[in-house]
Amino acid sequence: MQIERRRLMVLLNALYDQGVKSIPVAHPCADIGELVRIELEDDGLATVRFSQGTLTYQDNRETIPAKHGESAYDDLPDAQTYTRAMVASGHVDLANIDDVIAFADRHGYADLEAGHEPVVIGLDANIMSWRLPERLGIDAEVGDTDDRGRRPTNGYALATGVKEELDWHYNHYNTHELTSAFGDEFERLDSQPAGANREGLLGLYEYRRLRTHRTADVIECDRGDDAIVSAYRRFNEESRKTALLLSNDRGFVERGIAAGIPSQHIEYPVDIPRTATGSWTEATELLYYLAVLFGVITLPKVTLYGVWNGKDGRHWQHEQLDIDCRSPKVEPPLERDLAILEATN
Amino acid sequence: MARIWLTNGTPTTPAILNPLAAACDQGFVPDEAQILSNPGVEDSVTAASDYAEHIVDAYRGDAEVSTYNLADETDFRGIIEFYRSAIDAARENDDSVAVDVTPGRKFMSAIAFQAGFRFGADHVYYFHRKAGGYYGQLYAEIPRTATDLIDFTEEL
């Protein structure tokens with residue numbers, strides 16, 4: 001059964017109704033095991049216990065090559081990506097969150113009625129996957145408004161060079177090796193994107209989503225920092241809009257600033273806290289990212305597949321996961337609620 | 001013995017549907033749903049009528065949904081009559097009847113509440129959204145612990 005990212009609340013509700021209020025989320029391989037535990041609490045709150053912080057996860061991942069080989073190691077997201085998912089879901093703050101907000105305050109909230117240039121966001125490839133503008137409240141559609149009702153930004157400027165950089169083509173895939181390393185679940189991942197390519201696909205489809213669902217200028221350029229920054233410089237000079245650049249790469253940010261483009265470094269924390277309390281909605285975001293990055297995660301009564309045989313471009317576009325219900329009691333309410341939401345769409 | 005659901009129109013469709021879905025979830029799957037409508041809320045009531053059937057259907061029920069149209073939203077006697085006649089009919093037929101006081105303007109809820117008790121409804125329901133942030137969303141996609149279906153016949 002497939003379920004869209006925006007519908008994952010249905011899964012939490014179904015588990016809650018079955019009496020599952022504490023949800024261990026694990027990778028099928030025992031050497032990795034439980035990643036986080038989601039406690040479903042009153043009033044729509046959920047506390048996430050990070051069973052493995054970044055450093056523990058990194059240590060555990062480092063044991064994999066000796067035990068299971070390089071393919072298995074490469075299929076697991078690296079520790080930085082692991083942290084980025086926790087930030088993207090809203091549970092962990094950026095290390096330099098105050099700087100980023102100050103940057104947005106300084107350059108954003110253009111007064112269009114007074115003739116100011118619209119402010120648009122340019123995202124580097126290394127942060128495209130994570131929907132950061134929405135997370136930070138600076139998105140043009142759903143960002144926080146100021147006391148005059150203005151959004152921090154007015155749209156996006158998307159560089160084609162960034163899109164090309166997201167095409168990571170990391171497909172050295174060997175299902176047999178993964179199955180013996182991680183478990184039978186990985187049989188369903190045959191000829192699906194492996195490892196870091198899944199993060200690349202998240203970014204590619206986020207690029208497309210912004211292009212389709214936001215006011216977005218597409219800036220034609222080659223790949224590589226030089227070409228991308230030069231293209232943004234020309235855009236700011238010629239378009240009567242101001243692009244702000246966000247990147248996880250200090251070199252990229254320095255080039256941007258040298259070219260006169262307002263640019264801000266996005267810095268991730270070295271490790272993550274033991275627990276964080278958020279909403280059930282944020283918990284569903286975390287499930288989505290973990291399922292895609294790890295390919296498969298297990299929860300009580302269900303197994304969530306971020307990739308599976310037959311996942312194609314449309315599934316990626318609609319941000320779908322596949323749910324294998326190991327408990328027969330969970331499937332009927334899931335189907336029921338998805339049918340209701342489908343009918344009232 | 002049939003189950004009858006009585007509710008009221010309001011401009012947002014989920015406000016009409018969510019108490020119904022929550023009631024279905026707790027086992028009150030109606031065979032009949034009647035929605036009180038007025039000219040200001042006609043569109044959302046029409047949409048809610050269709051969706052209500054889908055919701056009941058998803059809970060393995062089969063509901064007939066009808067609307068009772070007021071010419072004016074402040075036709076207080078009309079509102080009272082809607083509840084009185086429906087509850088009386090249900091009692092005559094030995095049906096179980098639930099009044100939903102959630103949607104609509106405050107005076108509509110007040111009248112529905114009073115009518116529910118006075119004419120002897122089996123349930124007087126209010127769908128309480130305990131946590132903010134889920135406005136306009138449907139019951140299925142709101143955290144279970146962020147809502148509560150209160151039955152005032154059990155509370156008062």
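Just above sits the structure.
Residues numbered from 1 in each chain as written. Chains lettered and ligands numbered in written order. Predicted model: local features only at pLDDT ≥ 70, side-chain atom pairs only at ≥ 80, totals over all residues. Heavy atoms only, no water.

Engineer: Looking at this structure, how should I read the overall build of chain B?
Structural biologist: The number of helices and strands found in chain B is 5 helices and 6 strands. Scaling as 2.2 N^0.38, a compact globule of 156 residues should have a C-alpha radius of gyration of about 15 Å, and chain B matches this with 14 Å. Over its C-alpha atoms, taken along the principal directions, chain B stretches across nearly 35 × 35 × 30 Å. Burial status across chain B gives 54% buried among its 156 residues. Within chain B, contacts between residues at least 6 apart in sequence are counted, and of these 75% link residues at least 24 apart. Across chain B, the 11 positively charged side chains and the 25 negatively charged ones have centroids separated by 8 Å. (Helix = DSSP H or I, 4+ residues; strand = E, 2+ residues; numbered from the N terminus. Rg over C-alpha atoms; globule rule 2.2 N^0.38 Å. Buried < 20%, exposed > 50% of the residue type's maximum accessible area, 1.4 Å probe, protein only. Contact = heavy atoms within 4.5 Å. Lys, Arg positive; Asp, Glu negative; His and termini not counted. Charge placed at Lys NZ, Arg CZ, Asp CG, Glu CD.)

Engineer: Mind showing me how you'd approach the packing of aromatic side chains here?
Structural biologist: The description of an aromatic ring pair uses the distance of the two centres, along with the angle that the planes make with each other. Throughout the structure, instances matching the rule amount to 17 aromatic pairs over all chains. Aromatic pair F113 of chain B and F117 of chain B: ring centres 5.1 Å apart, planes at 45°, arrangement tilted. With F113 of chain B and F117 of chain B both in helix α4 (residues 106-118) and 4 residues apart, this pair spans about one turn of that helix. An aromatic cluster of at least three residues, connected via ring pairs, comprises Y57, Y82 and F294 of chain A. Sitting above the plane of the Y205 of chain A ring, R208 of chain A keeps its charged end 4.7 Å from the centroid. (Phe/Tyr/Trp six-rings, centres within 6.5 Å; stacked < 30°, edge-to-face > 60°. Lys NZ or Arg CZ within 6 Å of the ring centre and 35° of its normal.)

Engineer: In this structure, what is going on with unusual backbone geometry? I would like to understand it.
Structural biologist: Glycine aside, the phi torsion of most residues is negative, and most peptide linkages are trans. For K301 of chain A, which is not glycine, the phi dihedral falls at a positive 75°. For K301 of chain A, the position within the fold is in the loop between β11 (296-299) and β12 (302-305). Residue D94 of chain B is not a glycine yet carries a positive backbone phi of 65°. Positionally, D94 of chain B belongs in the loop between α3 (76-92) and β4 (96-100).

Engineer: What's the story with the packing of helix α5 (residues 79-88) of chain A against helix α13 (residues 280-294) of chain A in this structure? I'm lost.
Structural biologist: Residues and elements named next belong to chain A. Relative orientation of the contacting elements α5 and α13 amounts to 155°, with a least axis distance of 9 Å. Relative to α13, the element α5 is oriented roughly antiparallel. Our pair here, α5 against α13, has a crossing hand that is right-handed. Each of T81, Y82, A85, M86 and A88 in α5 lies in contact with α13, whose residues at this interface are L286, Y289, L290, L293 and F294. Of the residues contributing to the contact of α5 with α13, the split by class is 9 nonpolar, 1 polar and no charged. (Axes fitted to C-alpha atoms, helices over the stretch in contact; angles between N-to-C directions. Parallel < 35°, antiparallel > 145°, perpendicular 65-115°, else oblique. Left-handed = near helix turned anticlockwise from the far one by under 90°. Nonpolar A, V, L, I, M, F, W, Y, C, P; charged D, E, K, R; others polar.)

Engineer: In this structure, what is going on with the sheet that holds strand β6 (residues 155-159) of chain A? I would like to understand it.
Structural biologist: Strands belonging to one sheet form pairs held by backbone hydrogen bonds; the direction of such a pair is parallel or antiparallel. Residue and element names in this part refer to chain A. The 5 strands are arranged β7-β6-β5-β8-β9 in an open sheet whose pairing can be described as parallel. Every interior strand has two partners, whereas the edge strands, β7 (216-219) and β9 (263-265), have only one. The average undirected angle you get between the axes of adjacent strands in this sheet is 25°. Relative to β7, β6 runs parallel, the two being bridged by 4 bridges. Directly across from A157, in β7, lies its bridge partner D217. Across the sheet, helix α6 (residues 97-107) is in contact with β5 (119-123), β8 (242-247) and β9; its angle to β9 comes to roughly 170°. (Pairing = 2+ DSSP bridges.)

Engineer: Quick question: what am I supposed to make of the side chain of E165 of chain A here?
Structural biologist: All names here are of chain A. Relative to the helices and strands, E165 is located in helix α8 (residues 160-165). For the buried E165, no salt bridge is present, and the opposite-charge side chain at shortest range is R223, 5.2 Å distant. Excluding its chain neighbours within four sequence positions, the residues that come into contact with E165 are D124, A125, R223, G224, D225 and I228. (Salt bridge = Lys/Arg side-chain N within 4 Å of Asp/Glu carboxyl O.)

Engineer: I'm lost on the environment of G120 of chain B in this one. Help?
Structural biologist: Residues and elements named next belong to chain B. Structurally, G120 is set in the loop between α4 and β5 (123-129). Separated by 31 residues in the primary sequence, G120 and D151 place their C-alpha atoms 13 Å from one another. In this view, G120 contacts I87, R91 and A115; residues no more than four positions away in its chain are not counted.

Engineer: Explanation requested: α4 of chain B in the structure shown.
Structural biologist: Residues separated by three or four positions in an α-helix point in the same direction, a consequence of the helix having 3.6 residues per turn. Residues and elements named next belong to chain B. Between the first and last C-alpha of α4 there are 18 Å, a value that for 13 residues agrees with the 18 Å anticipated at 1.5 Å per step. By the burial criterion, the buried members of α4 are M108, S109, I111, A112, A115 and G116. With its buried residues spanning 165° around the axis, α4 presents them on a single face. Away from the buried face of α4 by more than 90 degrees, exposed residues K106 and R118 are located. (Expected span 1.5 Å × (residues − 1). Arc of directions from axis to C-beta.)

Engineer: Honestly, the pattern of salt bridges in this entry has me stumped. Any pointers?
Structural biologist: One side chain can pair with another of opposite charge once the charged atoms of both are near each other. Residue and element names in this part refer to chain A. The tally for this structure, following the rule as stated, stands at 30 salt bridges over all chains. Between D111 and R148 there is a salt bridge, with the nearest N and O atoms lying 3.1 Å from each other. Placement of D111 in the loop between α6 and β5 and of R148 in the loop between α7 (132-135) and β6 is noted, with a sequence separation of 37 residues between them. The class of D111 is buried, set by a relative accessible area of 15%. According to the relative accessible area criterion, R148 is exposed, its value standing at 56%. The salt bridge partner of E206 is R209, with a shortest N-O separation of 3.0 Å. Highlighted residues: E206 and R209, both in helix α10 (residues 196-213), separated by 3 residues, approximately one helical turn. Taking the relative accessible area as the measure of exposure, E206 reaches 5% and is therefore buried.

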